[in-house]
Amino acid sequence: MGKKYQRGIKLGERVDGKAVLKRVMEELKSVDEEMATHFVESTFGSVYARGGLDLRTRELVMVAGLAVLGEEEGLKTHILGARRCGATEEEIFETLFHIHLIAGWPKTIQGIRAALSVLKRR
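What counts, and at which threshold
- Residues numbered from 1 in each chain as written.
- Predicted model: local features only at pLDDT ≥ 70, side-chain atom pairs only at ≥ 80, totals over all residues.
- Heavy atoms only, no water.
- Axes fitted to C-alpha atoms, helices over the stretch in contact; angles between N-to-C directions.
- Helix = DSSP H or I, 4+ residues; strand = E, 2+ residues; numbered from the N terminus.
- Parallel < 35°, antiparallel > 145°, perpendicular 65-115°, else oblique.
- Contact = heavy atoms within 4.5 Å.
- Core = buried A, V, L, I, M, F, W, Y, C linked by side-chain atoms within 4.5 Å.
- Buried < 20%, exposed > 50% of the residue type's maximum accessible area, 1.4 Å probe, protein only.
- Expected span 1.5 Å × (residues − 1).

Engineer: Can you lay out the packing of helix α1 (residues 3–16) against helix α3 (residues 33–47) for me, pointing to particular residues and giving the numbers?
Structural biologist: Across the interface, α1 lies against α3 with an axial gap of 7 Å and an inter-helix angle of 75°. Taken together, the axes of α1 and α3 are roughly perpendicular relative to one another. On α3, the residues touching Lys 4, Tyr 5, Arg 7, Gly 8, Ile 9, Leu 11, Gly 12, Val 15 and Asp 16 of α1 are Thr 37, Val 40, Glu 41, Phe 44, Gly 45 and Ser 46.

Quick look at the structure:
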């Protein structure tokens, strides 16, 4: 595999953890090998590898976006990714609070519940 793929694997493991990235890769490979490679190269090898934002900020953006979409499984993954990349619990909850301006309270509360479940904070 090329440099973009190798860079993507390294960043993907840092953000999502080895187990999560491995599971996603296996799922995609079961459909199409090229799809799995493209996922790693385009997501982590290209977008996550860009300058301008650090990984912590990128993960907080992912948390906000996934919460707005109501994508709970991905949200939980990226809440943990945000922690792995240096975001504090306070920053994660503040990010989720901030989305109420765009998405309303139902999405905010759903996001906070997801964070509470993965951060084991009550």
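Engineer: Tell me about the nonpolar core, residues and numbers included.
Structural biologist: Counting residues in hydrophobic clusters, the biggest one holds 17 residues, and the most contacted among them are Leu 75, Ile 79, Ile 92, Leu 96 and Ala 115. Element by element, the count of residues in this core is highest for helix α4 (residues 55–69), at five residues. Counting residues in hydrophobic clusters, the runner-up holds 14 residues, among them Leu 11, Leu 21, Met 25 and Val 40.

Engineer: Please give an account of helix α8 (residues 105–119) that cites residues and values.
Structural biologist: Its 15 residues give α8 an end-to-end C-alpha distance of 20 Å, which sits within 8% of 21 Å, the value for a rise of 1.5 Å per residue. Contact partners of the buried residues in α8: α5 (72–84), α6 (89–98) and α7 (100–103). Residue Lys 120 follows α8 closely and has a positive phi angle near 55°.

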